[in-house]
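Breakdown of the fold
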Amino acid sequence: MSDTEVKFEDMEKFEIVQRFSNWKELLKPSAEMRKGFYSYAASLKDQEYLNLPFPREWSPLDDDWKLPPNWKEIIINKMDELRKKYRSFQVFMDICVRCGACADKCHYYIGTGDPKNMPVVRAELLRSIYRKYFTKTGKVFGEYAGARELTEDVIKEWYIYYFQCSECRRCSVFCPYGIDTAEITMLARELLNSIGISQRFTLTSAAACVRTGNHLGLNPGGVVNSIQYAVDDIKEITGIDVEVPVNKKGADILFVTPSGDYFAQPHWFTFIGYLMIFHELDLDYTMSTYAAEGGNFGFFHSFEVAKKINQKIYKEAKRLGVKWILGGECGHMWRVKHQYMATFVDDTYEDALKSLEEPVNPITGTKFENASSTKMVHILEFLADILKHKKLKIDKSRNDHLRVTHHDSCNIARGMGLFEEPRYVIKSVCNYYYDMPDHSIREKSYCCGSGAGLLADELFELRMRGGMPRAMAVKYVHERYGVNHVTAACAIDRAAIPTLLQYWKLPVQMGGVTELVANAMIMSGEKERDTDLRGNPLGEYLEVEV
């Protein structure tokens, strides 16, 4: 035997150890706060600003979370209220048969191997309490019927695992009963909020949006300055002076995009892409310093905060007297508008909504009938319509240095079915496009691992593990086709995926879809261009450094 040969018995042995022998063991609450896997508590300032129940300073690492004296009664009463209010909640609690079809569909389970991140088990953490207090079998047979007592350790376990779910809904695609585990997570967070338990990252963003109109807390001067920097960049790239209307009354369209687009990388190139295209189309639009945010972090916290943030956009649209709203490349803005907005209605909001018209593209005449209730059109629908009617002069070869794939963002793809629009737009402006494997795109798309408030720095290890399936799908198309550019129409994706690609050592860059359109667009009167918006030379294949 040579020195390089190894005896079978000397090889590393792998042993599969079952951590929990049965459901009773699995449902014993585990409240260990492991670094990288638990969220920081919301600040007292933000809790008070949003007028949340039982505001206080506390830490997940403390033994005493300073819960209100009657916290148990509050949770049970709130659960009773929610099950009577939402038929779906009652159904999702009753119909699961633990078939396990969802078990290996969650990217957090795949990345962490933690059984409590299986969607069926994560839901059982709440369902077991429901059984105990709202079903006869649970009351009589207790743990033998899958029920358990509500204790402080259960509350801590909820806080850990319901903030290890990005509400992406991939598991629901595979559930034969159609159980939406994301909604279970949302309701669990609503229950936690009722006793003053909130996550810092989500609440910081939500409070800033209520206070200033954007998640970053930018004041109106900051928003205008950022727009001016974009105008300067466009002048340098194209030689063209672009005018961007802000708070203009009487325009046709209010354009709202995620505030990350105003400053972050690589969002910036999507942002200047919007402004270049609107200029070239001579679009009658305006931006707003009051509604300078498309995203809605209240959606990841509670119904009332989500409603408060959503209304700002519509009230501003009415104040400015626009006809309809155009939304930028944002994920949860889109899902909130199309799945939940009907539940936000009150007199003030309804009045604002009635002031708007059914969206009609002023450039092509296309009527967006699908947006008749929300009065809002997604930028990818708008761009697909513009390109189909050939209203922009396009040179696809300007993107020949890129081999492109597309990440279907959970909220606009699986949430609302925007599968074809991004691909139509990309293929209209690029010569080289390659889809990732079927099991990882469209309605089966893997999450970036950072949605629903999980972009928090303290959750870095969880995010990198949760994003692993998406990174491996990108690796596949990179190795097979030389893909060096991945697009996504979501600000969270554009924030999360570059770090994910770097962590998994993939030489691939990230950007929005609109950036590619602006790369390929020939503007009237532009100077000769030999680089893309990022300054990369046109023509030669782009080698991306890891």
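These figures come from a predicted structure and were not determined experimentally. (Residues numbered from 1 in each chain as written. Predicted model: local features only at pLDDT ≥ 70, side-chain atom pairs only at ≥ 80, totals over all residues. Heavy atoms only, no water.)

**Details of the overall build of the protein**
Quick reminder of the rule: The way it works is that DSSP assigns letters per residue, a run of H or I at least four long becomes a helix, a run of E at least two long becomes a strand, and they are numbered from the N terminus. Radius of gyration: over C-alpha atoms. The globule rule applied is 2.2 Å multiplied by the number of residues raised to the 0.38 power. Between two residues, a contact is recorded if the distance between any of their heavy atoms is within 4.5 Å. Positive charge is attributed to Lys and Arg, negative charge to Asp and Glu, and no charge count is given to His or to the chain ends. Lys charges are placed at NZ, Arg charges at CZ, Asp charges at CG and Glu charges at CD.
The number of helices and strands found in the protein is 22 helices and seven strands. Radius of gyration (C-alpha) of the protein: 24 Å, near the 24 Å computed for a compact globule of 546 residues. Along the first, second and third principal axes, the C-alpha set of the protein runs to 80 × 75 × 40 Å. Counting only contacts in the protein whose residues sit at least 6 apart along the sequence, the fraction spanning at least 24 positions is 78%. Distance between charge centroids for the protein: 5 Å, based on 69 positive and 74 negative side chains.

**Looking at the packing of helix α3 (residues 71-85) against helix α10 (residues 181-194)**
Formally: Each axis is a line fitted through C-alpha atoms, and for a helix only the stretch in contact is used; angles between axes span 0 to 180 degrees, taken between their N-to-C directions. The labels follow the angle: roughly parallel below 35 degrees, roughly antiparallel above 145, roughly perpendicular from 65 to 115, and oblique for the rest. For any helix crossing, the convention is left-handed if the near helix is rotated counterclockwise from the far helix by under a right angle, and right-handed if that rotation is clockwise. Throughout this entry, Asp, Glu, Lys and Arg are counted as charged residues, while Ala, Val, Leu, Ile, Met, Phe, Trp, Tyr, Cys and Pro are counted as nonpolar. The remaining residues, Gly among them, count as polar.
In contact at an axis separation of 9 Å, α3 and α10 are set at 140 degrees when each is read in the N-to-C sense. With respect to α10, the element α3 is oriented oblique. Considering how the two elements wind past one another, α3 and α10 form a crossing that is right-handed. Across the interface between the two elements, Ile 74, Ile 75, Lys 78, Met 79 and Leu 82 of α3 pack against Leu 187, Glu 190, Leu 191 and Ser 194 of α10. A class-by-class count of the residues in the contact of α3 with α10 yields six nonpolar, one polar and two charged.

**Re the pattern of salt bridges**
Opposite charge on two side chains allows them to pair when their charged atoms are near. Under the convention used in this document: Each reported salt bridge corresponds to a side-chain nitrogen of Lys or Arg within 4 Å of a carboxyl oxygen of Asp or Glu. Buried, partly exposed and exposed residues are distinguished by accessible area as a fraction of the type maximum, computed with a 1.4 Å probe on protein chains only: under 20%, between the cut-offs, and over 50%, respectively.
One pass over the structure, following the stated rule, counts 30 salt bridges. We note a salt bridge from Arg 148 to Glu 157, for which the minimum N-O separation is 2.9 Å. Glu 157 shares its class with Arg 148; the two are buried. Residues participating in the shared-partner salt-bridge network are Arg 98, Glu 124, Arg 127 and Arg 131.

**Considering the sheet that holds strand β5 (residues 404-406)**
Condition: Criterion used throughout: strands pair if DSSP finds at least two bridges between them.
Judged by pairing direction, the sheet is parallel, and its three strands sit side by side in the order β5-β6-β7 without closing on themselves. Every interior strand has two partners, whereas the edge strands, β5 and β7 (509-511), have only one. Sheet twist, expressed as the mean angle between neighbouring strand axes with direction ignored, is 30 degrees. As judged from the three bridges shared by β5 and strand β6 (residues 485-487), these two strands associate in the parallel manner.

**Here we look at the side chain of Thr 487**
Quick reminder of the rule: Here a polar contact means two N or O atoms within 3.5 Å. Within protein one must be a hydrogen donor candidate and the other an acceptor candidate, and residues neighboring in sequence count only if both atoms are side-chain atoms.
Here Thr 487 is to be found in strand β6. Classification of Thr 487 by relative accessible area gives buried; the value is 0%. Among the polar contacts made by the side chain of Thr 487, one reaches the side chain of His 406 at a distance of 2.7 Å. Among residues more than four places away in sequence, those in contact with Thr 487 are Val 404, Thr 405, His 406, His 407, Ile 426, Met 510, Gly 511, Gly 512, Val 513 and Leu 516.

**A few points about the nonpolar core**
Selection rule: Among buried residues, the Ala, Val, Leu, Ile, Met, Phe, Trp, Tyr and Cys ones that are joined through side-chain atoms within 4.5 Å form a nonpolar core. Domain start and stop positions are those given by an automatic or database domain assignment.
Counting 121 residues, the largest nonpolar core has Tyr 314 and Phe 382 as the members making the most contacts within it. A total of ten residues in this core trace back to one element, the largest contributor, which is helix α13 (residues 267-281). Of the residues that make up this core, three or more belong to each of domain 1 (20-198) and domain 2 (205-520). Discounting chain neighbours no more than four positions away, the residues touching Phe 382 are Phe 278, Leu 281, Leu 283, Trp 324, Leu 326, Asn 361, Phe 368 and Val 377. The next biggest cluster of nonpolar side chains, apart from the first, holds 48 residues, and it includes Met 33, Phe 89, Met 93 and Phe 134.

**Regarding the domain arrangement of the protein**
The test is simple: Two parts placed together each lose some accessible area under a 1.4 Å probe, and adding up what both lose gives the buried area.
Domain parsing of the protein yields domain 1 (20-198) and domain 2 (205-520). When each unit is reduced to the centre of its C-alpha atoms, the spacing between domain 1 and domain 2 is 31 Å. Tallying the contact residues gives 33 residues for domain 1 and 37 residues for domain 2. Summed over both sides, the interface between domain 1 and domain 2 buries roughly 3100 Å², with carbon and sulfur atoms accounting for 60% of that surface. Viewed at the interface, domain 2 and domain 1 are joined by zero salt bridges. Inspection of the region where domain 1 meets domain 2 yields 14 residue pairs in polar contact (both at pLDDT 80 or more). Contributing elements (two or more residues each) for the side of domain 1 that touches domain 2: α2 (44-49), α5 (107-112), α9 (170-174) and α10. With six residues, α10 is the largest single contributor of residues to the side of domain 1 that touches domain 2. Residue composition of the side of domain 1 that touches domain 2, by class: 16 nonpolar, nine polar and eight charged.

**Quick look at a negative patch on the surface**
To keep things clear, this is the line we draw: Only residues whose relative accessible area exceeds 30% and that form no salt bridge are eligible for patches; like-charged ones are grouped when within 9 Å, while nonpolar side chains (Val, Leu, Ile, Met, Phe, Trp, Tyr) are grouped when within 5 Å. All accessible areas in this document rest on Shrake-Rupley with a 1.4 Å probe, and a residue is counted as covered only by the protein chains that are shown.
A grouping of Asp 62, Asp 63, Asp 64, Glu 152 and Asp 153 is seen on the molecular surface, where their side chains present a negatively charged patch. As for its placement among the helices and strands, Asp 64 is situated in the loop between α2 and α3.

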